[in-house]
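Below, each chain spelled out in residue letters.
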Amino acid sequence: MVPAREVHSAAYPGDGFLEEEQTMEELIAPPRKSLDANLLHQPISILSYVPPVCVTQDTTITMATHLMQENRVGCVLIQDTVQILGIFTERDLLNRVLGAGRDVDQTTVGSVMTPDPETLPIDAAIVFALNLMGEGAFRHLPLVNDEDRPVGMLSAKHIVQYLTEFFSEEVLNLPPRPNLLHPGQREGA
């Protein structure tokens, strides 16, 4: 076996080489997104919202819940032929149906919906969505076109995903179980 040759530090130019290598990596790397107030004034249309799932007032809770599961959404819009009449969410299911002991096969969404939900036009700024959701303490916001017809459903999750893009390195590189986030023992299963 041939002994490994010892490489002397004199063979490398020193810190200058490392500095040049770091500079090259920075030049090649894609630019990092940065979060500033202007980004919150971008239109909602740049977010990854979902198409609305619409039902009528006579739709049963069972059917609405199946549609929510099937479409992987947290709410349905109650609509007549044109106008949004209300919204039925997971929270409504828990508080107004299951918590009240109602029969899911007999109860209609029209009887437990939140009537006249807040809506925003699709071209409204993200900051307006944040304001409405924060002030109203709701997680779902119907998006409408110029004729007030539903064209999308925005959830708090979509806004969080958008904001996370600006901190992707910090968020994605967290250790699997940081002690600061989970300091105690689990209680239960």
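Let me sum up the structure you'll find in this document. (Residues numbered from 1 in each chain as written. Predicted model: local features only at pLDDT ≥ 70, side-chain atom pairs only at ≥ 80, totals over all residues. Heavy atoms only, no water.)

### Some thoughts on the overall build of the chain
Argument step 1. When its secondary structure is counted, the chain shows seven helices and seven strands.
Argument step 2. Of the regular secondary structure in the chain, the N- to C-terminal order runs α-β-α-β-β-α-α-β-β-α-β-β-α-α.
Argument step 3. When each of the 189 residues of the chain is scored for burial, the buried share is 28%.
Argument step 4. Sequence-distant contacts in the chain: of pairs separated by 6 or more residues, those separated by 24 or more amount to 60%.
Argument step 5. For the chain, the computed accessible surface area is about 13500 Å², with 54% contributed by carbon and sulfur atoms. (Helix = DSSP H or I, 4+ residues; strand = E, 2+ residues; numbered from the N terminus. Buried < 20%, exposed > 50% of the residue type's maximum accessible area, 1.4 Å probe, protein only. Contact = heavy atoms within 4.5 Å. Areas by Shrake-Rupley, 256 points an atom, 1.4 Å probe, with all protein chains shown as cover.)

### Focus on the environment of Y49
Argument step 1. Within the element layout of this structure, Y49 appears in the loop between α1 (15-28) and β1 (54-55).
Argument step 2. By relative accessible area, which is 28% here, Y49 ends up partly exposed.
Argument step 3. Linking Y49 and S155, residues 106 residues apart in sequence, is a C-alpha distance of 7.2 Å.
Argument step 4. Residues in contact with Y49, not counting those within four places in the same chain, are I44, I122, L143, V151, G152, M153, L154 and H158.

### A short note on the environment of P52
Argument step 1. With respect to the helices, strands and loops of the structure, P52 is situated in the loop between α1 and β1.
Argument step 2. Taking the C-alpha atoms as reference points, P52 and V144, separated by 92 residues in sequence, lie 9.8 Å from one another.
Argument step 3. In this view, P52 contacts L77, P150, V151, G152 and M153; residues no more than four positions away in its chain are not counted.

### So, the sheet that holds strand β7 (residues 150-155)
Argument step 1. With mixed pairing, three strands are arranged side by side in an open sheet as β5-β6-β7. Among the strands making up the open sheet, the edge pair consists of β5 (120-121) and β7.
Argument step 2. Pairing of β5 with strand β6 (residues 140-144) involves two bridges; the strand directions are parallel. The partner of P121 across the bridge, within β6, is V144. (Pairing = 2+ DSSP bridges.)

### Here's the deal with helix α5 (residues 126-136)
Argument step 1. All buried positions along α5 are accounted for by I126, A129, L132 and M133. Down the axis of α5, the sector holding all buried residues measures 125 degrees, keeping them to one side. Residues of α5 that are exposed and point over 90 degrees away from its buried face: F128, G134 and E135.
Argument step 2. Packing partners of the buried residues in α5 comprise β5, β6, β7 and α6 (156-164).
Argument step 3. Remark: A137 follows α5 within two positions and exhibits a positive phi of approximately 55 degrees. (Arc of directions from axis to C-beta.)

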